[in-house]
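Examination of the molecular architecture
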Amino acid sequence: MSSTEHAPRSISSTAPRTINGAMSVAEMPFGSSDLRAEPDKRLMLFSGRANRALAGRIADRLGVALGQVTTKTFANGEVYCRYEESVRGADVFIVQPICGNHAEDLRTNDALMELLVMVDAAVGGSAHRVIAVCPWYGYSRQDKKSSPREPISSRLVAHMLEAAGIDRILTMDLHAGQIQGFFEKPCDHMTAMNILTQYFSDLGLDDLVVVAPDAGRVKLNKRFAAKMGADLAILNKERPAQQVAEINYVIGDVRGKTAVLVDDIIDTAGTLKAAADAVRDAGASRVYAAATHGLLSGNAFENLIAGGFEQVVVTDTVPAPPGAPDFVKVLSCADLLTSTIRQIFTDGSVSDVFGGENQLF
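Heads up: these notes are all about the structure in this document.

Reading guide: rules and limits
Residues numbered from 1 in each chain as written. Predicted model: local features only at pLDDT ≥ 70, side-chain atom pairs only at ≥ 80, totals over all residues. Heavy atoms only, no water. Helix = DSSP H or I, 4+ residues; strand = E, 2+ residues; numbered from the N terminus. Buried < 20%, exposed > 50% of the residue type's maximum accessible area, 1.4 Å probe, protein only. Pairing = 2+ DSSP bridges. Contact = heavy atoms within 4.5 Å. 1 Å grid on protein atoms, 1.4 Å probe; cavity = no way out; pocket = protein on both sides within 12 Å on 5 of 7 lines; lining within 4 Å. Points joined across faces, edges and corners; volume = space filled by probe spheres on them. Nonpolar A, V, L, I, M, F, W, Y, C, P; charged D, E, K, R; others polar. Salt bridge = Lys/Arg side-chain N within 4 Å of Asp/Glu carboxyl O. Polar contact = N/O pair within 3.5 Å; in protein donor to acceptor, adjacent residues only side chain to side chain. Expected span 1.5 Å × (residues − 1).

Time to look at the overall build of the protein. Across its full length, the protein holds eight helices and 16 strands. Out of the 361 residues in the protein, the part that is buried amounts to 47%.

Here it is as structure tokens:
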């Protein structure tokens, strides 16, 4: 055999073998099988019908246009949605508090179902991530069993959203902080405390006392009072039936002071009216109220008027129903939600929005 015939290939040779001129997969240089691309992240913001006004304010602050999506309810009550533009590869943020909207003839359960189908449509449209922006988390007051054979509905809603395909949820001032534990996906829990305390600080009220409507709100009210440099009082409340509140007495000194009743929700305002009557009977000179979520359902307006409030301050997590009294002041949480959405999209720290002080319950 000649010295050149069937000569063994040197294992130190760096020249790759080829098959018909093409490089063998087994002989490819290390790492060449990686497929890399520059990150091309896209943020797309969509809104359901529950609170289009809030979504519009968020879009303005983000500097983006609201995405085009068709949402409607068929004659038989079924909810439908369709994205009118591609969401493939995008981070899709869906602004939809789980609440009704009088202007859109939308009920709470319709809003929940609409959110679910919007999530499913985004997942089916190959969105990279789907984030539900639910500043008001419906069913949050049903977070435990109060009687035998009751559902834990807030847990059920969490399971439904995750089954639909959310990657994350952004919410505000949950009725109970432990609701975050119902989610396996990340849950960003924001608070309107800074918005509300700043508003009352700007009013420059004298002899201020912050009043917790029940023992469950003491931690929230204690922080509210600390930020305001105010005293703290607590109401002893009992509920003989659902949506019925009885205030027995006031723990703390409110005589001659300006009382601010702070809660997370104002629904029918029955509790708020009873609390206002109690602190006024205890000698408070003026009564204000503040809450993150102004649901204002049922006979709420009648109760607020009868309560004799100087002002009732809420945020726009849910749309205000028509006919609200002039003393109801609505503050926007759009700046807060915008900052949080920006942090989520850029993989920044959400807790930096509050300096890590957003866990209030």
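Text resumes after the structure shown.
Time to look at the pairing of strand 10 (residues 208-212). With respect to burial, strand 10 is a largely interior element, five of its five residues being buried. Residues L208, V210 and A212 of strand 10 are buried on one face, and the alternating residues V209 and V211, pointing to the opposite face, are buried as well. With four bridges joining them, strand 10 and strand 13 (residues 258-266) adopt parallel strand pairing. Paired with V210 across the strands is V260, a residue of strand 13.

Counting buried positions along strand 6 (residues 91-95) yields five of five residues, so the element is predominantly enclosed. Examined bridge by bridge, strand 3 (residues 43-47) and strand 6 share five bridges and lie parallel to one another. Among the inter-strand pairings, L45 is bridged to a residue of strand 6, identified as F93. Two elements, strand 6 and strand 7 (residues 129-134), share five bridges in a ladder whose sense is parallel. Paired with V95 across the strands is V133, a residue of strand 7.

On the secondary structure map, L106 appears in the loop between strand 6 and helix 2 (108-124). In sequence terms L106 and A50 are 56 residues apart; their C-alpha atoms lie 7.0 Å from each other. The contacts of L106, once residues within four sequence positions are left out, are R49, A50, C99, G100, N101, A111 and E114.

Let us now look at empty space enclosed by the protein. Tallying each qualifying case throughout the model produces one cavity of 30 Å³ or more. What the largest cavity holds in volume is close to 50 Å³. Every residue along the wall of the largest cavity is listed here: D173, T191, A192, M193, L196, L220, F224, V262, D263 and T292. Of all the secondary structure elements, the ones that give two or more residues to the lining of the largest cavity are helix 4 (193-203), helix 5 (218-228) and strand 13. Grouping the amino acids of the lining of the largest cavity by side-chain chemistry returns six nonpolar, two polar and two charged.

Summed over all chains, the structure comprises 14 salt bridges. The partner of R141 in a salt bridge is D267, with the nearest N and O atoms 3.0 Å apart. Residue R141 is found in the loop between strand 7 and helix 3 (153-164), and its partner D267 is found in the loop between strand 13 and helix 6 (270-281); the two are separated by 126 residues along the sequence. What you see here is one network of salt bridges that share partners, running through K41, D91, R129 and D347.

The topology assignment puts K257 in the loop between strand 12 (244-251) and strand 13. Separated by 49 residues in sequence, K257 and L208 place their C-alpha atoms 5.9 Å apart. Residues contacting K257, with those up to four places away along its chain left out, are D207, V209, D231, G283, A284, S285 and R286. A polar atom in the side chain of K257 sits 2.7 Å from the side chain of D231.

Across its twelve residues, helix 3 extends 16 Å between first and last C-alpha, which sits within 8% of the 16 Å expected from 1.5 Å per residue. Every buried residue of helix 3 is listed here: S153, S154, V157, A158, L161, E162 and A164. Buried-residue contacts for helix 3 involve helix 2 and strand 8 (168-172). G165 sits one or two residues past helix 3 and shows a positive phi near 125°.

These results come straight from atomic positions and should not be treated as a statement about function.
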